[in-house]
Amino acid sequence: MIIVENINELTVSVDWLSFTFFNFASPLDVLDYLGFDPADFSAGRGRNGYKASFCHNLYPVSVLYDGSENMGIHVDISGLGVSPALDAYVLTLKCPTPFGTDAFEYPDEDLMIAYLRHIHDSARFARIDLAIDDRGMNYYSVNDVLEICRSKRCSSRFRSYNIDCGESFSNGIVGNTLYLGKRQSYAYLRIYDKRLEQISKGVADPGYDWIRWELELKKDHAEKTVEHFLSGACLGAVAVGILSNYFRVIIRDNDNISRCSTDPLWSRFVAGVEKLRLTAGKTVKSLDEKERWIKKQVLPSISALVAFKHGDMSFITDMLPDALYRNDKTVLDMVFKENPALREGLVYDIG
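Residues numbered from 1 in each chain as written. Predicted model: local features only at pLDDT ≥ 70, side-chain atom pairs only at ≥ 80, totals over all residues. Heavy atoms only, no water.

## Observations regarding helix α2 (residues 82-91)
With respect to burial, α2 is a largely interior element, seven of its 10 residues being buried. Taken residue by residue, α2 has Val82, Pro84, Ala85, Leu86, Ala88, Tyr89 and Val90 as its buried positions. (Buried < 20%, exposed > 50% of the residue type's maximum accessible area, 1.4 Å probe, protein only. Helix = DSSP H or I, 4+ residues; strand = E, 2+ residues; numbered from the N terminus.)

In structure tokens, the structure reads:
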């Protein structure tokens, strides 16, 4: 986990990332793109339909590969792996100087946003978790929210909820988590006592109450969330905006729940951030994004091959006409809109 923003006494962070590459042939290429040293990984068993994996020796980072043809290469980075993943990404920003040394060309935007953009250029997001931490429990306890749900003092897009209180014979209560929604849905919310969780894992007691609201966003919702970040929206506003769209504490002053007034404490909790809807729909990368990916990832290899062939580029140009029509319909529609002659079946001019 890496904290990137504060909003209204809450800290907001990215706590999980999962994404899939479809343009890399080898998991070693993926590790190189992400800046990881392959020597820090060990081969392991696959899962979720993949036959093999590479797992980081210290952090929860795994690369799954050798699945069916359309599965690509999948990466999972959870919790404590997010910060090391950013550190590895920084290594990809290293560039030589005229003085024979190396320097790091840091992006103008926030490092986390730059990292998400780096991934988005070449992969599709499958999951992103956003953690909203209330250190000091300034607003609600887990039991407070449970009572709000039971008394129907909330407006929620989640249809169900359940509570899980873990106990041990030696230490009593070791966990307290409220789940809203279904785990397999595109959006899922956990509200849990982070202090109890830390103590149960053997981590030192932080010395204060700590409640975490954790949004688990998958598939199209994960892609849409990342696109909001890349469009310039700040992490705190996106996280709280999504939460506001799915859950609201109310005062029952109207028979229609959607028209009930918002509870003043909840208004302070969300700090006036507007609801942010995540419409599910297929996200298509633009051709500009494909061009950026080619320049950064493919062009160095192409230039080496052209140099090896003494400037002969026929091995590329001869394949272009057939390769064009191997793109999916969405990409071809973008091409045909710009170059209608291709739709009429005219010869593809590569000159």
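## Observations regarding the environment of Val61
Tracing the backbone through its elements, the reader meets Val61 in strand β5 (residues 61-65). For Val61 and Ala85, which are 24 residues apart along the polypeptide, the C-alpha to C-alpha distance reads 8.1 Å. Not counting chain neighbours up to four residues away, the residues in contact with Val61 comprise Phe36, Phe41, Phe54, Cys55, His56, Asp76, Ile77 and Gly81. (Contact = heavy atoms within 4.5 Å.)

## Observations regarding the pattern of salt bridges
All chains considered together, the criterion is met by 18 salt bridges. The salt bridge partner of Asp205 is Arg195, with a shortest N-O separation of 2.8 Å. One end of the pair, Asp205, is in the loop between α5 (194-200) and β14 (210-218); the other, Arg195, is in helix α5, with 10 residues separating them in the sequence. Taking the relative accessible area as the measure of exposure, Asp205 reaches 40% and is therefore partly exposed. Put simply, Asp15, Arg127, Asp129, Asp133, Arg135, Arg183, Arg190, Arg212, Glu214, Glu216 and Lys218 are held in one network by salt bridges that share partners. (Salt bridge = Lys/Arg side-chain N within 4 Å of Asp/Glu carboxyl O.)

## Here we look at the nonpolar core
Of all hydrophobic cores here, the largest spans 72 residues; its most connected members are Phe19, Leu34, Tyr115, Trp213 and Phe247. Top contributing element to this core by residue count: helix α7 (residues 235-246), with seven residues. With near-sequence residues (within four places) excluded, Phe247 lies in contact with Val145, Cys149, Cys154, Ser155, Ser156, Leu180, Trp213 and Trp266. (Core = buried A, V, L, I, M, F, W, Y, C linked by side-chain atoms within 4.5 Å.)

## Details of the pairing of β5
Summarising burial for β5: five of the five residues are buried, a large majority. The alternating pattern of β5 places Val61, Val63 and Tyr65 on one face and Ser62 and Leu64 on the opposite face, and all of these are buried. Counted between consecutive antiparallel strands, the loop separating strand β4 (residues 52-56) from β5 contains four residues. In the sheet, β5 pairs with strand β6 (residues 73-78) via four bridges, with the strands oriented antiparallel. Looking at the pairing, Val63 lines up with Val75 of β6. (Pairing = 2+ DSSP bridges.)

## Description of the packing of α2 against helix α3 (residues 111-120)
Any two packed helices are characterised by the angle at which their axes cross and by the distance between the axes. Remark: α2 packs on α3, axes separated minimally by 11 Å, with the N-to-C direction vectors making an angle of 75°. In terms of orientation, α2 lies roughly perpendicular with respect to α3. Counted together, Val82, Ala85, Leu86, Tyr89 and Val90 of α2 and Leu111, Met112, Ala114, Tyr115 and His118 of α3 form the full contact between these two elements. For the contact of α2 with α3, the residue count by class is nine nonpolar, one polar and no charged. (Axes fitted to C-alpha atoms, helices over the stretch in contact; angles between N-to-C directions. Parallel < 35°, antiparallel > 145°, perpendicular 65-115°, else oblique. Nonpolar A, V, L, I, M, F, W, Y, C, P; charged D, E, K, R; others polar.)

## A few points about unusual backbone geometry
Of note, Lys219 is a non-glycine position whose phi angle comes to about 55°, a positive value. Along the polypeptide, Lys219 turns up in the loop between β14 and α6 (220-230). The phi dihedral of His310 is positive, around 55°, even though this residue is not glycine. On the secondary structure map, His310 appears in the loop between α9 (287-308) and α10 (314-317). With a relative accessible area of 77%, His310 lands in the exposed category.

## Re the confidence of the model for the protein chain
Averaged over all residues, the pLDDT of the protein chain equals 85, while 81% of them reach at least 70. Averaged pLDDT values for the elements of the protein chain fall to 51 in strand β1 (residues 2-7) and rise to 98 in β5. The model gives residues 279-284 a pLDDT under 50, and that stretch makes 12 contacts with residues more than four places away or in other chains. Counting interchain partners and residues more than four positions distant, the pLDDT-below-50 stretch residues 346-351 has seven contacts. (pLDDT = per-residue confidence, 0-100.)

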